[in-house]
Amino acid sequence: MVMSPDDYRKNAGFRRSSAASRAAGPVVSGPIHSYQTYDLSDPGLLEMMRGGGRTGVTGVAVNENMALRNSTFFRAMSLQCGSMGMLPVHLRRRDGRKSEKAVDHPLYRVLHRKPNDFQTASRFKSYMHMCALLDGSAYALIIRSRGAVRQLVPLPRRKVKPKLNDRFELQFEYQRPSGGKVMLSADEVFHFGSPLTLDGLNGISLLDVAADTLGIAVTAQKAASRLLTKGSMARGALETDSELGAEAIDNLKASLRENHAGVDAQDDWLVLEEGLKAKLFASSARDSQLVELMKREAEEVARFTGVPRPLLMFDETSWGSGIEQLSLFFVTYCLMPWFVIWEEAIWTWLLSPAEQLTYYAKFNEAALLRGSLKDQAEFLKAALGPNAAWMAPNEARDTHDMNPLDGGDELPRPGTSAAAEMEDA
């Protein structure tokens, strides 16, 4: 039986607001509480009892809000989620040896333009990828109409639990926001998870494995804040064997403020009186260790996220000729496994068995691998021949969103240039 989008929303706990209900004003179905309630099976209850997050060796409860306040972790998350949201994913059709974009398929628009009524394609991909990183898995409700996928609605985080029944069929236990649970079949949920899993169903959360590192980073930040707010920030002291009267001390302070304060007084020498001697405060070994600890924890966060150090904005490596290699490293070792995970999930859960023989999803990672205009020109020059051309002129123009030329769909003939062939035609 084919269910309408409204029926799916109703069964899964979603409600669509109408113009009439908005005009009538807010509808209150019960008392308004100023506290949050938890079901005994809600994973949020256990998280709240633990202090609101994962507790590591430092005893600090690390949750997602605290983790995103770490600049290195936030940069890594924004890079990965932003890149996955920026890159287009196309549904393609394979016809023999020929492959083309399946722009006439309903799923093409869902993946490329509008997955649901309230999200763009980039926002949907970024959010789902963030859920997979923070929670280990991401889930979206599949809304079909006339056998085709029409919308993908993200399900609330930590409200879905995958299970295998007695016949080893995959099901999803979904806890509705309004209360109660409902079992969803595998063809109703679009889902994927992180590459690592301990049970074959649930992916490993980045917050779980990085809880110790993030907790130590939070502790180091607290130590630095205490040093800035309550610690001694004086540069040195003036010592003397004799006693100074109150008037002499006031005159000395006034002289320091008037004659030796501000940027203009940098590297000035003090003329000391009354047998005063200057003594500088040296930084303690504990302060030096704090700085080294903060640097080390930034490197640890980089290892957990897989983002190269220079892209996290805390490395002093030159960005000149190595920027292309950094992009290649980022795409190959950080994003490429996620491309495969996304493409396999789309092929498995959004295409019927008959469509799986012809259609497949493909990320266009070339947007991240493009070099300078000079490098692109050298690449296209080699691709167009003249002796072993493997790219047609219109294909080269399409890489820069240029209109096709008449007769530009054929490969250049050996021994001739593309321009000469066009002139002959």
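Our structure is the block above this text.
These figures come from a predicted structure and were not determined experimentally.

Asks: With reference to specific residues and values, describe unusual backbone geometry.
Replies: At Arg 158, a position not held by glycine, the phi torsion is positive, near 60°. Turning to its location among the elements, Arg 158 is positioned in the loop between β6 (148-154) and β7 (160-164). Under the relative-accessibility criterion, Arg 158 is labelled partly exposed at 34%. A positive phi angle, near 60°, is found at Phe 168, a position not held by glycine. Relative to the helices and strands, Phe 168 resides in the loop between β7 and β8 (170-175).

Asks: Residue-level account of the sheet that holds strand β9 (residues 181-185), with values.
Replies: As summarised here, the arrangement of the three strands in space is β7-β8-β9, forming an open sheet in which the pairing is antiparallel. Of all strands in the sheet, those bounded by a partner on one side alone are β7 and β9. Geometrically, the sheet is characterised by an average inter-axis angle of 30° between neighbouring strands, direction not taken into account. Pairing of β7 with β8 involves five bridges; the strand directions are antiparallel. Looking across to β8, one finds that Leu 164 is bridged to Leu 170.

Asks: Quick rundown of the sheet that holds strand β4 (residues 98-101)? Include the residues and the values.
Replies: Read across the sheet, three strands follow the order β4-β3-β13 without closing on themselves; strand pairing throughout is antiparallel. Edge positions in the sheet fall to β4 and β13 (359-363), since each of these pairs with one other strand and no more. Neighbouring strand axes in the sheet, compared pairwise and without regard to direction, differ in orientation by 35° on average. Examined bridge by bridge, strand β3 (residues 89-95) and β4 share four bridges and lie antiparallel to one another.

Asks: Break down helix α5 (residues 71-86) for me, with residues and values.
Replies: Owing to its 3.6 residues per turn, the α-helix brings residues three or four apart onto one side. With 16 residues, α5 should reach 22 Å at 1.5 Å per residue; the first-to-last C-alpha distance of 21 Å fits that figure. Looking only at α5, the buried set comprises Thr 72, Phe 73, Ala 76, Met 77, Leu 79, Gln 80, Cys 81, Ser 83, Met 84 and Gly 85. The distance from a side-chain oxygen at the start of α5 to the backbone nitrogen of Thr 72 is 3.1 Å, and the residue carrying that oxygen is Asn 70.

Rules used throughout
- Residues numbered from 1 in each chain as written.
- Predicted model: local features only at pLDDT ≥ 70, side-chain atom pairs only at ≥ 80, totals over all residues.
- Heavy atoms only, no water.
- Helix = DSSP H or I, 4+ residues; strand = E, 2+ residues; numbered from the N terminus.
- Buried < 20%, exposed > 50% of the residue type's maximum accessible area, 1.4 Å probe, protein only.
- Pairing = 2+ DSSP bridges.
- Axes fitted to C-alpha atoms, helices over the stretch in contact; angles between N-to-C directions.
- Expected span 1.5 Å × (residues − 1).
- Polar contact = N/O pair within 3.5 Å; in protein donor to acceptor, adjacent residues only side chain to side chain.

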